[in-house]
Structure formats: structure tokens, C-alpha cells
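Understanding the architecture of this molecule
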Amino acid sequence: MSYDTIITRGRWFDGAGSPSAIRDIGLRNGHVVAVSADGLDTAGCPEVIDAAGKWVLPGMIDIHTHYDVEVLDGPGLAESLRHGVTTVMLGSCSLSTVHVSPVEAGDLFGRVEAIPREYVIDALARHQTWDDAAGYVDALQRLPLGPNVAAFIGHSDIRTAAMGLDRATRHDVRPTAAEQARMESWLRDALAAGFVGMSSQQLLFDKLDGDTCRSRTLPSTYAKPRELRRLKSLLRRSGRVLQSGPDIANPLNLLSQLAQSLGLFRRNLKTSLLSAADVKSNPLAIKMMGPSARLVAALGGDFRWQHLPVPFEVYADGIDLVVFEEFGSGAAALHLRDDVERNDLLRDQDYRRRFRKDYENKFGVRVWHRDFFDAEIVDCPDESVIGRSFGQVGLDRGGLHPVDAFLDLVVEHGRALRWRTTISNHRPQVLKRLAVDPGIQMGFSDAGAHLRNMAFYNSGLRLLRHVRDAEAAGSGFMSVEHAVHRMTGELADWYGVDAGHLRVGDRADLAIIDPAALDERLDAYAEDTVAGYGGMSRMVNRNDEAVTAVFVGGRAVVRDGVPTGLVGAERTGSFLAHGRLCPAPNRTEALADVR
């Protein structure tokens, strides 16, 4: 048998959790056609990769991204590829671009996902040729996709398109019968086109951009139970997934999200909920997440929490950070786009009293720990404050309240003031417990969003390092095989997409990892420009030595950590429809020939 590529002597992981082994792997026509313990004949093979000492694993799956806009102008999505991710899911948090207009998309994505609104509008205006889910899939397939793409349809997307953004964001307005029917029809069309399900949102500090409806919460948050029940019934009948974010301030909403997964006298509803995080502001909350998922499973439900398996470290330019949306004075500042207006507000003493009151309020559920002593300044025109916390700066300035120290620096330096803090997942021992909990999924990178705030493109590599280091120290908490399975085959099987496995007949989507290079470089800070967004600089990860090669559809998209010339020029990835096998692109040989 001839091969397009042979990978020799690597430690092979099948993605199903089976024991790893040293194997040669033969690729042909975009698929794995041989996995051999005895070696493969390399004669005539145009590419032979020596993977001795390396790990060869299925490409990882990122189940929570906001690449919906970036994929249009930068379909190679190289930031994910270069870290071993070969499948990404679009349409998270009720947001997708299937039915909304360019301006509506700008209002939906601009503020909550921190993607500049003008770039969202421009990208949709230039690329939007579709008017339904099937047309959207066709449009994606015509792009030179780097990784594979699967998708949710966003509830805020279809609600906005059916009702108009203004009516969709009013508490006293419910969809008419025709509007409800239109949403249901669009959801059915999306499921028929292969979408993995629908995403919704009940979290109340996700705010709209734009002028008409600025600072209202996302349209999905205004839906009443009847509207949601009718949409969820379509997901139940089709066995698809509901991704949702609960209103964390409302325990009843959280309980209803858990209970909805139960079938009782009907089919259960596969539910993936945001998010399992060991938050500093409430260290006890994480104790209920795994047990709650296991309880629902014991009662016949099918429920998972999504989890980022690394410390949730965020950066901010001035006051531009989504966590300020969760309390009134912070949201009031972010409501103002004009810097002069905003600075006038930040100087106002009544406003500062409100901010201090919000900051010191320790009651209620919140995401940010609200501790300016736990917030390090990393860049500022005033170099004397770099490396210090806002709390320390306040003490240095005569005992200023930390809030006043922060606001003074924001007024003085604006977005040139850059700082960081870790909001959650700061305790390694808790991360270990979460990593093995069957009710928790490895995901939630938010890739493609919050461009100046965080970068978790390499979170899978960081989990592998955590596992390997614990094993080497004699305190192993899971095997490498289990970790690989959790980020590949387990996710693919649950969401019903053709990915995540590396066996004979599977698509040749794989990564070759050098375990010796899984070191502190994974944590290093880096930035790079986004060509499609006017060259703006965003946070990225750069640890090129860790990833020897990445293949999508049997074609090399990364070598030595660097994207190849194929990325963004030719289509290597495909749209992965739920429950369907997907031939590799640009291959004429039938899938049956390698099955």
C-alpha cells in the first residue's frame, strides 16, 4: 500500500482512552489507513516524519469559541491550529451570524465579546451571501478553512432576526405566533443542515453594543419559558445539544438549567452549561458543580459543565474588561464610548462612592473577586507603578482607597494602563479534581473573542503538561491517555461529530507533540496582529517547540509550531455535520476505500 505520509516511532494515542503504544501511522487520501507495531514500508512515500520521543494524538477539539466573525476574513484560524486544535465550534453564548444583519451582528458581538464592532459589521457586509443555515454551511465550505468547523445556532441570532433587535430586548414584548414559528423553523433548518444544537444565554451582564439598544442584555435573556420550551423540544427530539449560560445570581434559574436535562416522560435534553470554574470570589461554588452533574446523570439526564483547565488569567486596558459589567457602576462606565464623557464620570465623586460601595459589597454571586490588591499593573506610561497592584499604589499615594487609585490611573492614562489578575482556577489541586470529573468537559477557551483580555489557545497543551508533571512527581491524577481522550474522542462522541479519534479509517486530523517542550514557555505572554481587524494587536500563545506538526485532512498545516503555506490559502478543514461522516477536502478517493 502506498501512503501520502508516514509518521514513524511515535507514541500513538487513539483518542478513545486505550493504552498508548509506539506505532507507525500511515496516511492516505486524508485518512488513517494503517497503524502498525511492525513498521511501515516507507519506500516511495513522499513524506516520512520521525516522531521518536513524541506523542501522536488526534487533533484537539475546542468546544467553545467565538470565531464566527474571524472565520470570514481569516478562515485559516492559525492561532488554534498551531496548538494542536483541529476542530472548533462556532455559535457559543447565543451568538451566531446565520440570520442577523451585519449591524445587528456588530451590536451582538461588539461589547460582550470585545470584538471591535466596526470590524464585525465590515466582515459580515463583505461576506454574508447566505440567508439560511444551509447557505451558511455552503459559505463556510467555500472558505479556505484551516481546522474543521462545527456549529451551534445562537438563540440571540434567531430571536433578533425574527423580532428585530429592539423588540427582542424588551421585557414586555413576547414573540408573536408568526415570530415564534419563524424561530422554530430556523432551528429545524439548522439541525437539518448539521448544526450540533442551539446556544442560549441567561447571564445578565452580557451587554449589547451600538446605539439603539446599547447596554441591554443579550436577546436570549428576554425569552420567557414557553418560547424556550418550544425550541428545546426540537433539540430533544433530534438528540442535539443545548449550550447555555445560567443567571448566576438566580439559584432557581441554575436549578432549572440542571433539571431541563432530565427526560422523565420524554427524551432527555443534552445540556452543556457555562461554566465550571474555581472562582476566587466564591471558593465553595465549585464543590457543587461536579456532584450536580453526576446527580442529574444518575436520574437519567445528560448534563455537562464546560471548564477551562488552566488558571483564568485576564488582562485589561484601563477599565475595558467584561467583569465590570456585573455591577452597576462598572456597567455605567462601559456604557459610555466617548473617552471625555467616560473620564468625566470616573472623576465624579458621587460616582466614585457608588463604585466603592459596589467594590466593597461582598454579598451576592459574582465572577470577579473585586480585590485591587490582587491586580498587577503590567504596563503604564508612569513606569513607577509597573509591577505594583492598585492597592499598593493607593497606599503609596497617602492611603487612597484602591478604587480611587484605580480610577485615577484610568483617567490619567486610559487604555495605556494595562493590568492583569487571575479570576479563577488558581488552585492546582482543584484543577486536578475537575480534570477527572465525568460531569465536566474540557473546553471554554473563548478563542476569537476578548482579543486584548486573554489567550487560552494552548490550554490543551497546558493540561497535558499538568498531567505529565504530576505523573513524573509521583502524584499522578490521570493518565495521559485519559487526558487526551477528554480533549478529543470524549467531546467528539458527545457532540456527535466526526473528529477526535486516530484509528484506521478515521480522518487524519492529528497533532505531534514534543512532551519535552511542555514547559514554562506555555505560560509566556505574547501578542500578534489580526490581519482582518485592521492589524490590531491581540493576545496569543507562542510555544512553537511544543508542536512538531499538525495535520488536518491528512495535510500538514503546522510544522515546527509554525503554520504552513496551506493555512488560509487552501481548504484543509471541513464543516462537520452532526452524526455524519465527513470526507477530507480536496480528495477524490471515496471514503469507503479506506473504511
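Note that this is a predicted model, so its numbers are computed, not measured. (Residues numbered from 1 in each chain as written. Predicted model: local features only at pLDDT ≥ 70, side-chain atom pairs only at ≥ 80, totals over all residues. Heavy atoms only, no water.)

Below, the discussion takes up the overall build of the protein. A count of helical and extended segments in the protein gives 20 helices and 22 strands. In terms of overall size, the protein behaves like a compact globule, its C-alpha atoms giving a radius of gyration of 24 Å where 595 residues would be expected to give roughly 25 Å. Residue pairs in contact within the protein that sit at least 24 positions apart in sequence constitute 75% of those at least 6 positions apart. Working note: accessible area of the protein is about 21500 Å², and carbon and sulfur atoms make up 51% of it. (Helix = DSSP H or I, 4+ residues; strand = E, 2+ residues; numbered from the N terminus. Rg over C-alpha atoms; globule rule 2.2 N^0.38 Å. Contact = heavy atoms within 4.5 Å. Areas by Shrake-Rupley, 256 points an atom, 1.4 Å probe, with all protein chains shown as cover.)

The next thing to look at is a negative patch on the surface. A cluster of acidic residues, Asp131, Asp132, Asp138 and Asp189, forms a negative patch on the protein surface. You can see Asp132 is positioned in the loop between helix H4 (117-127) and helix H5 (133-142). (Patch = residues over 30% accessible without salt bridge, like charges linked within 9 Å, V, L, I, M, F, W, Y side chains within 5 Å. Salt bridge = Lys/Arg side-chain N within 4 Å of Asp/Glu carboxyl O. Lys, Arg positive; Asp, Glu negative; His and termini not counted. Charge placed at Lys NZ, Arg CZ, Asp CG, Glu CD.)

Attention shifts here to the sheet that holds strand E14 (residues 376-379). Spatial strand order, E13-E15-E14: three strands in an open sheet with antiparallel pairing. Each of the sheet's edge strands pairs with one partner strand only, and the pair in question is strand E13 (312-317) and E14. Averaged over neighbouring strand pairs, the angle between their axes works out to 35 degrees when direction is ignored. (Pairing = 2+ DSSP bridges. Axes fitted to C-alpha atoms, helices over the stretch in contact; angles between N-to-C directions.)

Before going further, it helps to examine the nonpolar core. If you look at the biggest cluster of nonpolar residues, it comprises 107 residues, and the most contacted ones within it are Leu90, Phe195 and Trp305. Excluding anything up to four places from it in sequence, Trp305 contacts Leu254, Leu258, Leu273, Leu274, Ser275, Ala276, Met289, Ser292, Ala293, Gly439, Ile440 and Gln441. In this structure, Phe327, Ala375, Val410 and Phe456 belong to the second largest nonpolar core, which totals 39 residues. (Core = buried A, V, L, I, M, F, W, Y, C linked by side-chain atoms within 4.5 Å. Buried < 20%, exposed > 50% of the residue type's maximum accessible area, 1.4 Å probe, protein only.)

In this model helix H14 (residues 349-360) runs 16 Å from its N-terminal to its C-terminal C-alpha over 12 residues, within 8% of the 16 Å that 1.5 Å per residue would give. Elements in contact with the buried residues of H14: helix H12 (328-335), helix H13 (339-347) and helix H16 (402-413). The opening residue of H14 is Asp348, an N-cap whose side-chain oxygen sits 3.1 Å from the backbone nitrogen of Asp350. (Expected span 1.5 Å × (residues − 1). Polar contact = N/O pair within 3.5 Å; in protein donor to acceptor, adjacent residues only side chain to side chain.)

Attention now moves to the domain arrangement of the protein. Domain boundaries assigned for the protein yield domain 1 (59-311 + 425-496) and domain 2 (314-422). When each unit is reduced to the centre of its C-alpha atoms, the spacing between domain 1 and domain 2 is 29 Å. Listed as interface residues are 20 residues of domain 1 and, on the opposing side, 21 residues of domain 2. With both chains or domains summed, domain 1 and domain 2 bury close to 1800 Å², and 49% of this area falls on carbon and sulfur atoms. For the pair domain 1 and domain 2, the interface holds five salt bridges. Note that Lys280 is salt-bridged to Asp374, the shortest N-O span being 2.6 Å. Inspection of the region where domain 1 meets domain 2 yields 12 residue pairs in polar contact (both at pLDDT 80 or more). Considered class by class, the residues forming the side of domain 1 that touches domain 2 number seven nonpolar, six polar and seven charged. (Domains from an automatic or database assignment. Buried area = accessible area lost by both parts, 1.4 Å probe. Nonpolar A, V, L, I, M, F, W, Y, C, P; charged D, E, K, R; others polar.)

So, on to the sheet that holds strand E6 (residues 60-62). If you trace the eight strands from one edge of the open sheet to the other, you get E6-E7-E8-E9-E10-E11-E12-E16, paired in parallel fashion. At either end of the open sheet lies a strand with only one pairing partner, and these are E6 and strand E16 (440-442). Strand-to-strand twist in this sheet, taken as the mean axis angle between neighbours without regard to direction, amounts to 30 degrees. Two strands pair when backbone bridges link them, and strand E7 (residues 85-90) and strand E8 (residues 148-154) are joined in this way by four bridges, in the parallel orientation. Looking at E8, one finds that Val88 is bridged to Val149. Its contacts with the sheet place helix H19 (residues 480-487) against E6 and E16, and it is angled at close to 90 degrees to E16.

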